[in-house]
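# Per-entry structural report
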Amino acid sequence: MTRNYLSGSIKKALVIIECVGKSPKPLKASQVASITKLDRATAFRILTYLVSLGYIFKDVSTNLYSLGHKIFDFGDKSDFLKTLTTTCFENIKKLAFDTQHITYLAVLEGPHIVYCDKVDPTGDDAPRSFRMRQDAHSTALGKSILSFKTKDELKNIYKTYSLYKHTKNTITSLDKLILELNKSRKSGFSINEAETFDYIHGIGSAILDSQGRAIAGISISGTKSTINLKTIPDLSIKVMNTAKQISKRLINN
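Computed from a prediction, not measured in an experiment: that's the story for all the values here.

The sheet built from six strands is open, its strands ordered β5-β4-β3-β8-β7-β6 with antiparallel pairing. Only two strands of the sheet have a single neighbouring strand rather than two, namely β5 (133-135) and β6 (190-193). Recorded for the sheet is a direction-independent mean angle of 30° between the axes of neighbouring strands. The pairing of β6 with strand β7 (residues 201-208) spans four bridges and is antiparallel. Each residue of the ladder has a partner; that of I191, found in β7, is I203. On the sheet, helix α8 (residues 232-252) packs against β6, β7 and β8 (214-222) and is oriented at approximately 25° with respect to β7.

With 26 residues, the main nonpolar core has L84, L105, I203, I207 and I218 as its most contacted residues. Contributing elements (two or more residues each) for this core: α4 (79-99), β3 (102-109), β4 (112-119), β7, β8 and α8. Excluding residues within four positions of it along the chain, I207 makes contact with C88, L105, R213, A214, I215, A216, G217, I218, A243, I246, S247 and L250.

Attention shifts here to the environment of Q211. Within the fold, Q211 resides in the loop between β7 and β8. Q211 sits in the exposed class, given a relative accessible area of 59%.

Evaluation of the coordinates by the stated rule reveals five salt bridges. Here K94 and D98 are joined by a salt bridge, their closest N and O atoms 2.7 Å apart. Placement of the pair is K94 and D98 together in helix α4, with a separation of four residues, close to one helical turn. Of the residues examined, K94 reaches a relative accessible area of 52% and is grouped as exposed. One connected set of salt bridges, linked through shared partners, spans K143, E180 and E195.

Topologically, D209 is positioned in the loop between β7 and β8. Judged by its relative accessible area of 16%, D209 falls in the buried class. Of note is the side chain of D209, whose polar atom sits 2.9 Å from the backbone nitrogen of Q211. A polar atom in the side chain of D209 sits 2.8 Å from the backbone nitrogen of R213. What D209 contacts, discounting residues up to four positions off in sequence, is I215 and I251.

The rules behind these values
Residues numbered from 1 in each chain as written. Predicted model: local features only at pLDDT ≥ 70, side-chain atom pairs only at ≥ 80, totals over all residues. Heavy atoms only, no water. Pairing = 2+ DSSP bridges. Helix = DSSP H or I, 4+ residues; strand = E, 2+ residues; numbered from the N terminus. Axes fitted to C-alpha atoms, helices over the stretch in contact; angles between N-to-C directions. Contact = heavy atoms within 4.5 Å. Core = buried A, V, L, I, M, F, W, Y, C linked by side-chain atoms within 4.5 Å. Buried < 20%, exposed > 50% of the residue type's maximum accessible area, 1.4 Å probe, protein only. Salt bridge = Lys/Arg side-chain N within 4 Å of Asp/Glu carboxyl O. Polar contact = N/O pair within 3.5 Å; in protein donor to acceptor, adjacent residues only side chain to side chain.

Below, the structure is given as structure tokens:
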């Protein structure tokens, strides 16, 4: 009798979520269709709908699918994020204590970053299920990952999402954002000058995979008194070196 109450589309959507969730790495739409034994057109249609709802995330630079931010509301289901946080924890912990700044780890989901971990040098750390979200364009960490996107990819990301003005310093023009991202990519780090909150400054750097793609990022957060023109040269080197160490560990794992 229960079968009469089950929608075919719901069953297929759940099968796809389970397929993507159990995969140790992001999948192509064709791989999802093959694993779930669904018609390609059907799999793609359901994936697109799940992306729009936030249950599945599509990386527009690779057309690969992974679990979306809404899934994390129900617990840490992603093998990728578990591996990422486990691999990165000691590195970001050391960075926090070396710089005496709060250190973050996050991934990009469309125009947002989703924080995976946070280490406070005072010992007041976030729970390991930490999942705060913020606009990527107004954070150092977000800009560090966005800097590895092409111009077309950035236009696609912000096609239907406005560059929200959080403070007087927030970049609200895509052209200006692209100019800053180009500088960030060349320097290896990005800066947040009170662009999300009036009193928060930060330095971020991207974590790269074996193909040179930004799959995550780290940042340190402080105030203008601790992150400024005088301290940025030394702090940025420490952030970049930590990001490189994490990238190397992930590639070798």
